[in-house]
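Breakdown of the fold
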Amino acid sequence: MSLYILVFFGSALLGVLLFEGKPIRWAKPVYFTCVSLAIIIPSALRHIEVGIDYHTYYDAFRLIGNEGLAGTMTARLGFSGSYGFRALCWLLSRFGTGQIYYAAAISTLFMVLLCRAVWRQCANPWVGMFVLLGLGFWGYSLCFTRQALAAAILLQALPFLRRRRLVPFLALVLLAASFHFSALLMVPLCLLGWLPCSWKSLAVYGGLTGLFLIFSWPILNFATQYVFSGYADSRYLLGRSFSSAVLPILGGALVFLFRKKLLDRDPSLLPLLNMAVFAGLLYVIGLKHFLFQRSAFCLLISFVVLLPQLVECFDSGWDPASGEADRPEEAPAGEKRTWRSWTESPLFNRWTVLALVLALCVAHGSYRLFANPLHLTPYHTYNAASVYPKPTSQKVS
C-alpha cells in the first residue's frame, strides 16, 4: 500500500514544486516523465495476482501470441468482442510474450495516452494527473485493462466533442468501443452534451434517476433474462457504499454549482459539464447496482478537464511570480466581513477550491486502497510467492 500512497502524494508534491511558483520552462517534461516512470515500473514488475483480472488478460495475451491475426479475432477468450484489444495484443505478441514485457507495454501505452491528454487539455497539469490517480485510473489499468485503455482513448476525443467535430469524435469513440463496449455511452453526448446544464435539466435527470431506482430490480431482472444473461445473479447487480462514489457524485455537484464560472471561462466545456452530471447520477444508481458504476467509468474523464479548469477559474488577479493577488475591499469600520467578501479574494478562492478538489481525490483514492476491491494490495513483485489464494476464473465484462 505504501507504494501507491508514495506515487499518489509524490505526484502532488512534485506538481506543487514545479507548477505552483515562478514558471519553469521544463516543468511539464520533467513532471510527466517522473510520474510516468513511477507508474510504469511498478506496473511492469508486479506479481500476476496484483489486480483482480490481470491474470485473465495475461492468459489471453499468451493465447493470442500463438494465433495468427485471423485466429486472434475468433479465439475464445475470457471476454467477447473487443477486437481492438485483440489486435493490440496480437501486435505486441510479435515482439514477445513475457509477463513483464506485456505489463510494461500496456502500461507505457496507457501512460502515453494519459499524459498526452493532460498535457494538451488540462489548465493545471499536476491537478489533472492527481484527479486521474484519485479516480483510480492507474488501478483500473492494473485490473480492467480493456476499460482503462478505452477511457484513455476517449480522453483524446474530448477536444473534438468540444469543437463539435463529430466525425473524428465518433471515430475515436468506435475505436475505444473496440476495447470496451461501455465507450458507446459517449455517443449520446453528440446531442445530449449540448443541452443546457441548469437546475431544470438536473431536475429532469434526477427525476428519471429516481424513477429508475424505484423499478430497477424488475427492469434488470428482465434485461438479464433476455438480453444480458451474463450478468444474471452476478455481483455487478449488487450495490456499493458511498465511499466508492465520493468523487463522481460530489465532484459532479461541485462543477454543477460552479457551471456558470466554468462556462464564462470556456463555453466549449458544456458537453463535459453534462458528462460529469450524467456520471454522478449513474454513480448514484451504482450505489444500488454496481454495474452502472462500472459502465459509467468512461464518463469520469470529464473531471480530468473540469476540475483543474475550476481551480484556475479562481486564479484571476494572482501573479505566481510575485505571489500577489487582488484583495477584496476592506469592510467599513465596525462592520463584520461577510462570507461573500472573503470569497471575492482570488487567492483565497483558488487555494480553497484546490484543497477541496484534492480532498475529494484523496477520499475516493483512499477507498480504492483500503477497501481493496481490485486486489491491488498487498503489492508484490513478479518473483514473489502467491499474494492471494489462487484466483478463480471469471468472465471479464
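Here's what I pulled together on the structure shown here. (Residues numbered from 1 in each chain as written. Predicted model: local features only at pLDDT ≥ 70, side-chain atom pairs only at ≥ 80, totals over all residues. Heavy atoms only, no water.)

**Quick notes on the overall build of the protein chain**
Helices and strands together make up the secondary structure of the protein chain, namely 20 helices and zero strands. Burial statistics for the protein chain: of 397 residues in total, 54% are counted as buried. Once local pairs closer than 6 in sequence are excluded, the contacts in the protein chain between residues at least 24 apart make up 75%. Summed over its atoms, the accessible surface of the protein chain is roughly 18100 Å², and 67% of this surface lies on carbon and sulfur atoms. (Helix = DSSP H or I, 4+ residues; strand = E, 2+ residues; numbered from the N terminus. Buried < 20%, exposed > 50% of the residue type's maximum accessible area, 1.4 Å probe, protein only. Contact = heavy atoms within 4.5 Å. Areas by Shrake-Rupley, 256 points an atom, 1.4 Å probe, with all protein chains shown as cover.)

**A closer look at helix α7 (residues 125-135)**
The element α7 is extensively covered by neighbouring structure, given that eleven of its eleven residues are classed as buried. P125, W126, V127, G128, M129, F130, V131, L132, L133, G134 and L135 are the residues of α7 that are buried. Positive backbone phi, approximately 90°, marks G136, located one or two places after α7.

**Here's the deal with the pattern of salt bridges**
Applying the stated criterion across every chain yields a total of five salt bridges. Between D266 and R162 there is a salt bridge; the shortest N-O distance is 2.5 Å. On the criterion of sequence distance, the pair formed by D266 in the loop between α15 (259-265) and α16 (270-286) and R162 in helix α9 (residues 145-162) is long-range, its members being 104 residues apart. When salt bridges that share partners are traced, they join E20, E312 and R350 into one network. (Salt bridge = Lys/Arg side-chain N within 4 Å of Asp/Glu carboxyl O.)

**Digging into the packing of aromatic side chains**
Summed over the entire model, instances satisfying the criterion amount to 20 aromatic pairs. Centre to centre, the rings of F8 and F9 are 5.2 Å apart; their planes meet at 65°, and the pair counts as edge-to-face. A residue is classified by how much of its surface remains accessible, and F8, at 9% relative accessible area, is buried. Put simply, the rings of F19, Y31, F32 and W119 touch in pairs and so form one group of aromatic residues. Over the ring of F256 we find R259; its NZ or CZ atom is 4.3 Å from the centre of that ring. Over the ring of W351 we find R350, and its NZ or CZ is 5.2 Å from the ring centre. (Phe/Tyr/Trp six-rings, centres within 6.5 Å; stacked < 30°, edge-to-face > 60°. Lys NZ or Arg CZ within 6 Å of the ring centre and 35° of its normal.)

**Looking at the side chain of N274**
Relative to the helices and strands, N274 is located in helix α16. In this structure N274 touches L192, G193, W194, L195, P196 and C197, once residues within four positions along its chain are discounted.

**What about the packing of α9 against helix α10 (residues 166-177)?**
Contact geometry of α9 with α10 gives a least axis separation of 8 Å together with a crossing angle of 175°. Classed by the angle they form, the pair α9 and α10 counts as roughly antiparallel. For the pair α9 and α10, contact is made by A150, I153, L154, Q156, A157, F160 and L161 and by P168, F169, L172, V173, L175 and A176, respectively. Taken together, the residues of the contact of α9 with α10 break down into twelve nonpolar, one polar and no charged. (Axes fitted to C-alpha atoms, helices over the stretch in contact; angles between N-to-C directions. Parallel < 35°, antiparallel > 145°, perpendicular 65-115°, else oblique. Nonpolar A, V, L, I, M, F, W, Y, C, P; charged D, E, K, R; others polar.)

**Considering a nonpolar patch on the surface**
A surface patch of nonpolar side chains, about 490 Å² in accessible area, is lined by L166, L170, L174, F181, L184 and V187. By secondary structure assignment, the location of V187 is in the loop between α10 and α11 (189-192). On the basis of relative accessibility, which here comes to 34%, the residue V187 falls in the partly exposed class. (Patch = residues over 30% accessible without salt bridge, like charges linked within 9 Å, V, L, I, M, F, W, Y side chains within 5 Å.)

**Observations regarding α16**
Over its 17 residues, α16 runs 24 Å from end to end, which matches the ideal 24 Å to within 8%, given 1.5 Å per residue. Within α16, 15 of the 17 residues are buried, which leaves the element mostly enclosed by the surrounding structure. (Expected span 1.5 Å × (residues − 1).)

**Section: unusual backbone geometry**
Cis geometry is adopted by the peptide bond preceding P378, which originates at T377 and carries an omega value of -5°. Along the chain, the position of P378 falls in the segment after α20 (346-370). We note that R164 has phi near 60°; this positive angle belongs to a residue other than glycine. Looking at the element boundaries, R164 is found in the loop between α9 and α10. One non-glycine residue, H375, lies in positive phi territory at about 60°. The residue H375 is located in the segment after α20 in this model.

Taken by themselves, the reported measurements are silent on function.
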